[in-house]
Amino acid sequence: GLRLGLLASSNQEVILTLKKDVSIWNINSFAEFFLQIFEKYHSEYINALKEVRNTRKLFLDDLKEIPSLRAVPSQANYILCEVRNTKITSRRLAEILLSDFEILIKDLSNKRGVCGRNYIRLSVRTKKENDKLLNALKRVFSEEPGIPQDDEK
C-alpha cells in the first residue's frame, strides 16, 4: 500500500515541538512517482471510486437478502457481517468457503472488540467475484447435503 502523511496546524507551539522532536521522514521513490502522476489520472481515480461505491451497494443489498447474515453498511472496500446461523460459526464458515469453494474470507471471531462473536469480513470485489461468494453463502446456509455443520465435525 501507498501511504503518505501530512500534518497541518496553525498552533506554532505544536509546529516547533514537531520540528524539534520528530524526525523528518522521506518518502520512497514509489510514493514520489505517485505524487508526480496523480493529477494526470485523477479523473480515472474518481471514476474508480464511484464504481467501488456502486459495487459495494449492490453487494451489500444482496448480502442483506441472506437471512443467516446481518450485513453492516460500510464506506470501506469490505463489509462486516454477523453470522446469525446457529449451526455454523464464523470460523467454520470461513473453513467451508475455503475448502469447498476456494473462497477466502476473514473470520473475525478472535479479533479485539468482537472476540467470541461470529463476525466475518467480506471484501468488495468485482460483480462476478461477489456473485460467486453470494452463491456459495446461499448454498452453505441452505444446509445442502455434503456440507457439514459445526455439530457434525
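Note that the structure is a prediction, hence the values are computed from the model and not measured.

**Notes on the overall build of the protein chain**
On a plain count of helices and strands, the protein chain comes out with five helices and four strands. Tracing the protein chain from N to C terminus, the helices and strands come up as α-α-α-β-β-α-β-β-α. Across the 153 residues in the protein chain, those meeting the buried criterion constitute 28%. Element-wise, carbon and sulfur atoms account for 52% of the exposed surface of the protein chain, whose accessible area totals about 11500 Å².

**Focus: the environment of K132**
Structurally, K132 is set in helix α5 (residues 127-141). Taking relative accessible area as the criterion, K132 reaches 46% and is therefore assigned partly exposed. The contact partners of K132, leaving out residues within four places of it in the chain, are F101, E102 and I103.

**Brief notes about the layout of surface pockets**
Here the second largest pocket is characterised by a volume of approximately 210 Å³. Every residue lining the second largest pocket is listed: E102, I103, L104, I105, R121, L122, S123, R125, E129, N130, K132 and L133. For the lining of the second largest pocket, the secondary structure elements donating two or more residues are β4 (119-123) and α5. When residues of the lining of the second largest pocket are assigned to their parent elements, the largest contribution, four residues, is made by α5. Classifying every residue of the lining of the second largest pocket by side-chain character gives five nonpolar, two polar and five charged.

**Concerning helix α3 (residues 42-63)**
One turn of an α-helix holds 3.6 residues; hence residues three or four places apart share an orientation. Between its first and last C-alpha atoms α3 spans 31 Å; for 22 residues at 1.5 Å apiece the expected length is 32 Å, and the two agree. Of the positions making up α3, those classed as buried are T55, R56, F59, L60 and L63. What you see down the axis of α3 is that its buried residues fit within an arc of 135 degrees, all on one side. Of the exposed residues in α3, those oriented more than 90 degrees away from the buried face are E51, N54 and K57. On its buried face, α3 sits against β1 (69-72), β2 (78-83), β4 and α5.

**Let's talk about the nonpolar core**
Within soluble globular proteins, side chains that are nonpolar generally end up buried alongside one another. Counting 26 residues, the largest nonpolar core has L63, L69, L93, L97, I105, L122 and L137 as the members making the most contacts within it. When residues in this core are grouped by element, the largest group, six residues, is from α5. Those residues within four positions of L93 in sequence are excluded, and the remaining contacts are V83, I88, I105, I120, L137, V140 and F141.

Cut-off values and rules
Residues numbered from 1 in each chain as written. Predicted model: local features only at pLDDT ≥ 70, side-chain atom pairs only at ≥ 80, totals over all residues. Heavy atoms only, no water. Helix = DSSP H or I, 4+ residues; strand = E, 2+ residues; numbered from the N terminus. Buried < 20%, exposed > 50% of the residue type's maximum accessible area, 1.4 Å probe, protein only. Areas by Shrake-Rupley, 256 points an atom, 1.4 Å probe, with all protein chains shown as cover. Contact = heavy atoms within 4.5 Å. 1 Å grid on protein atoms, 1.4 Å probe; cavity = no way out; pocket = protein on both sides within 12 Å on 5 of 7 lines; lining within 4 Å. Points joined across faces, edges and corners; volume = space filled by probe spheres on them. Nonpolar A, V, L, I, M, F, W, Y, C, P; charged D, E, K, R; others polar. Expected span 1.5 Å × (residues − 1). Arc of directions from axis to C-beta. Core = buried A, V, L, I, M, F, W, Y, C linked by side-chain atoms within 4.5 Å.

Function cannot be read off these values alone, since they describe shape.
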